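Structural description and commentary
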Amino acid sequence: MSITYPKTPHSYWLDTFGDYTPQPPLEGELHCDIVIIGGGFTGMATALELKRAEPTMRVCVLEAQHIGYGASGRNGSFAMTVVGLGFGTTALLKGKQFLKEAHSYMEKAVDDLDAFIQQEQLSCDRIRPGFLRVATTEGYIRKLQHDIELMHSLGFGGIVWLDQNQVQEKIHSPRYLGAMFEERLLLINPLKLVLEERRLNLAAGVQIFENSPALEIQRNAKFTIKTPSGKIISEKLVFATNAYSHLFPYLRRLQIPAFTYMIATAPLTPAQLDQIGWQEMQGIEDARNLIHYYRLTPDKRILIGGGPVGLTYANSLFADEDQNAWRHLEEHLHYLFPQLNNLTVTHKWGGPFSVTMDLNPVIGAIGDKRAFYSLGCIGHGVSMSHRNAKVLRDLVLERDSDLLENPFVNRKTIPWPPEPLRLLIAGALRGYLSLEDAWYERSLPRE
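Regarding its fold elements, the protein chain presents 11 helices and 18 strands. By the compact-globule yardstick of 22 Å for 447 residues, the protein chain fits well, its C-alpha radius of gyration being 21 Å. With respect to the principal axes defined by its C-alpha atoms, the protein chain has extents near 65 × 45 × 45 Å. Counting every position in the protein chain, which comprises 447 residues, the buried fraction comes to 58%. Here the analysis covers contacts within the protein chain between residues at least 6 apart in sequence; of these, 75% occur between residues at least 24 apart. Summed over all atoms, the accessible surface of the protein chain reaches about 18200 Å², with 52% contributed by carbon and sulfur. Side-chain charges in the protein chain split into 45 positive and 49 negative, and the spacing between the mean points of these groups amounts to 4 Å.

Here's what the structure looks like:
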């Protein structure tokens, strides 16, 4: 069966991909060595790592919708080193040693993903232009310069300060007063990447079942995972479900879904591009807690996301659309680039990302270590999920591995409380972050 996805509210990536033929859903009973629930970056990368490590292993993937349906097909496309809410906040919450270990892990994650894409010759519009975190107030200048000093004190290079003239040479916005530049950034088309990984998995012999949600999981001597039209009997299980992890009792309180939103413009004309520069096509974020993130696509559209973060009662997943958030992004785009006239927004979309109580990722095993999970990427999962897949591989195969010596593995996390306390805490956290942003921006003109 061949299907073409509707134009909205799906992402720009999905809308421009073209026709797609999903793998058939699971029918009947199947036995395998390991089943992976979730067909995003984590699921696809973990399946491939396991199959290549143990070619005779019977590896199956269950995806409730289509491969790349979740964040892997809707994100901003940044494969970056950031963990949690950034360098300074991570050090404040978790300590400098945690930040040092986490950043080392993320540097390797970005480099490893880039090497993988090039070695496998994956068609995913890869570029490596560097990353700008821009300051729009004097307070943000001090914040970013503090972060740079912090990273230098921990022994990291490749992170430098650009003054106002230097950043204006790269991109022309009257709002930019300076920027932190980090050379490690990979921009890709996320949907193309995850579907290229699907291709590699199928070629390696991994069985992938799309439109096959896991409706029930029974845990006895083996796992029995039931879907609408079949079931899988498996020795081991991996939850590669990130923002959807709360749907499973084993993981219900480890994370919650929060929602981010994006828009895309029509391709800019040569005259419009001349007005903003941006010749090197760097990925850009601002210095806020509730960040705005944006980039140019290969066809010269501006994609911008972030700002308002959506929360739902009882972790409802029905919040992919938010007219107010989209309106905010359109207004912010005009605020950043007032010289651009007649911008047309062609795409609007949103989706959930996974948030732990302490705003950092966690990878671990459940109970008797036959079931494993990775979650809490906090919106930075493109590079992280690929390296996390290698960690999951070594956990599943019970390998001694240096990869397991990282700050995310088997760490204790504070569980989210039940409703209504959960929503009150999440709302209070979002409110505090918004108030801090408002303090930094108190002298800015209104958008």
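Further notes follow.
Core analysis: the biggest nonpolar cluster contains 73 residues, and Ile 36, Val 59, Leu 113, Ile 117, Leu 193, Ile 363 and Val 391 have the highest contact counts within it. In terms of residues, this core owes the most to one element, helix 4 (residues 96-120), which gives nine residues. Every residue in contact with Ile 36, bar those within four places of it in the chain, is listed here: Gly 43, Thr 46, Ala 47, Leu 50, Val 59, Cys 60, Val 61, Leu 62, Val 238 and Ala 240. If you look at the next biggest cluster of nonpolar residues, it comprises 31 residues, including Val 167, Leu 268, Trp 278 and Phe 337.

Moving on: the sheet that holds strand 13 (residues 283-286). Ordered by their spatial adjacency, eight strands build an open sheet running 5-6-4-13-14-15-12-16, and the pairing between neighbours is mixed. Looking along the sheet, the strands with just one partner apiece sit at the ends: strand 5 (159-163) and strand 16 (345-355). Taken over all neighbouring pairs, the strand axes of this sheet differ in orientation by 20 degrees on average, direction set aside. Across 10 bridges, strand 12 (residues 256-265) lies against strand 16 in antiparallel orientation. Residue pairing across strands places Ile 263 opposite Lys 348, the latter belonging to strand 16. On the sheet, helix 9 (residues 323-336) packs against strand 12, strand 13, strand 14 (292-296), strand 15 (302-306) and strand 16 and is oriented at approximately 50 degrees with respect to strand 12.

As a further point, take the packing of helix 3 (residues 87-94) against helix 5 (residues 138-153). The relative placement of two packed helices comes down to the angle between their axes together with the axis-to-axis distance. It is the contact of helix 3 with helix 5, at a shortest axis distance of 8 Å, that shows an interaxial angle of 65 degrees. Facing Phe 87, Gly 88 and Ala 91 of helix 3, the residues of helix 5 in contact are Asp 147, Leu 150 and Met 151.

Note that Arg 288 resides in the loop between strand 13 and strand 14. By relative accessible area, Arg 288 is classed as buried at 17%. A polar side-chain atom of Arg 288 sits 2.7 Å from a polar atom in the side chain of Glu 441.

We now examine the side chain of His 332. Structurally, the position occupied by His 332 is in helix 9. On the basis of relative accessible area, His 332 is assigned to the buried category, the value being 6%.

This paragraph deals with the environment of Glu 149. One can find Glu 149 in helix 5. When the C-alpha atoms of Glu 149 and Phe 17 are compared, they prove to be 42 Å apart, with 132 residues separating the residues in sequence.

Peptide bonds are mostly trans, and most non-glycine residues show a negative phi. Omega for the bond connecting Glu 419 with Pro 420 falls within 30 degrees of zero, at 0 degrees, which places this linkage in the cis form. Here Pro 420 is to be found in the loop between helix 10 (381-396) and helix 11 (421-440). Not every positive phi belongs to a glycine, and Asp 125 is a case in point at roughly 60 degrees. Relative to the helices and strands, Asp 125 resides in the loop between helix 4 and strand 4 (131-135).

Looking at the protein chain, pLDDT values average 94 and 97% of them are 70 or higher. Throughout residues 1-8 the model reports pLDDT below 50, and contacts reaching past four residues in sequence, or to other chains, amount to 14 contacts.

Under the definition given, this model contains 29 salt bridges. Across the salt bridge formed by Glu 285 and Arg 133, the nearest N and O atoms sit 2.9 Å from each other. Remark: Arg 133 occurs in strand 4 and Glu 285 occurs in strand 13; sequence separation between them is 152 residues. Here Glu 285 matches Arg 133 in class, with each residue buried. The partner of Arg 422 in a salt bridge is Glu 419, and the shortest N-O contact between them spans 2.6 Å. For Arg 422, a relative accessible area of 3% gives the class buried. With a relative accessible area of 23%, Glu 419 lands in the partly exposed category. A single salt-bridge network, built from bridges that share partners, covers Glu 107, Asp 111, Asp 114, Arg 126, Arg 128 and Arg 184.

About the thresholds
- Residues numbered from 1 in each chain as written.
- Predicted model: local features only at pLDDT ≥ 70, side-chain atom pairs only at ≥ 80, totals over all residues.
- Heavy atoms only, no water.
- Helix = DSSP H or I, 4+ residues; strand = E, 2+ residues; numbered from the N terminus.
- Rg over C-alpha atoms; globule rule 2.2 N^0.38 Å.
- Buried < 20%, exposed > 50% of the residue type's maximum accessible area, 1.4 Å probe, protein only.
- Contact = heavy atoms within 4.5 Å.
- Areas by Shrake-Rupley, 256 points an atom, 1.4 Å probe, with all protein chains shown as cover.
- Lys, Arg positive; Asp, Glu negative; His and termini not counted.
- Charge placed at Lys NZ, Arg CZ, Asp CG, Glu CD.
- Core = buried A, V, L, I, M, F, W, Y, C linked by side-chain atoms within 4.5 Å.
- Pairing = 2+ DSSP bridges.
- Axes fitted to C-alpha atoms, helices over the stretch in contact; angles between N-to-C directions.
- Polar contact = N/O pair within 3.5 Å; in protein donor to acceptor, adjacent residues only side chain to side chain.
- pLDDT = per-residue confidence, 0-100.
- Salt bridge = Lys/Arg side-chain N within 4 Å of Asp/Glu carboxyl O.

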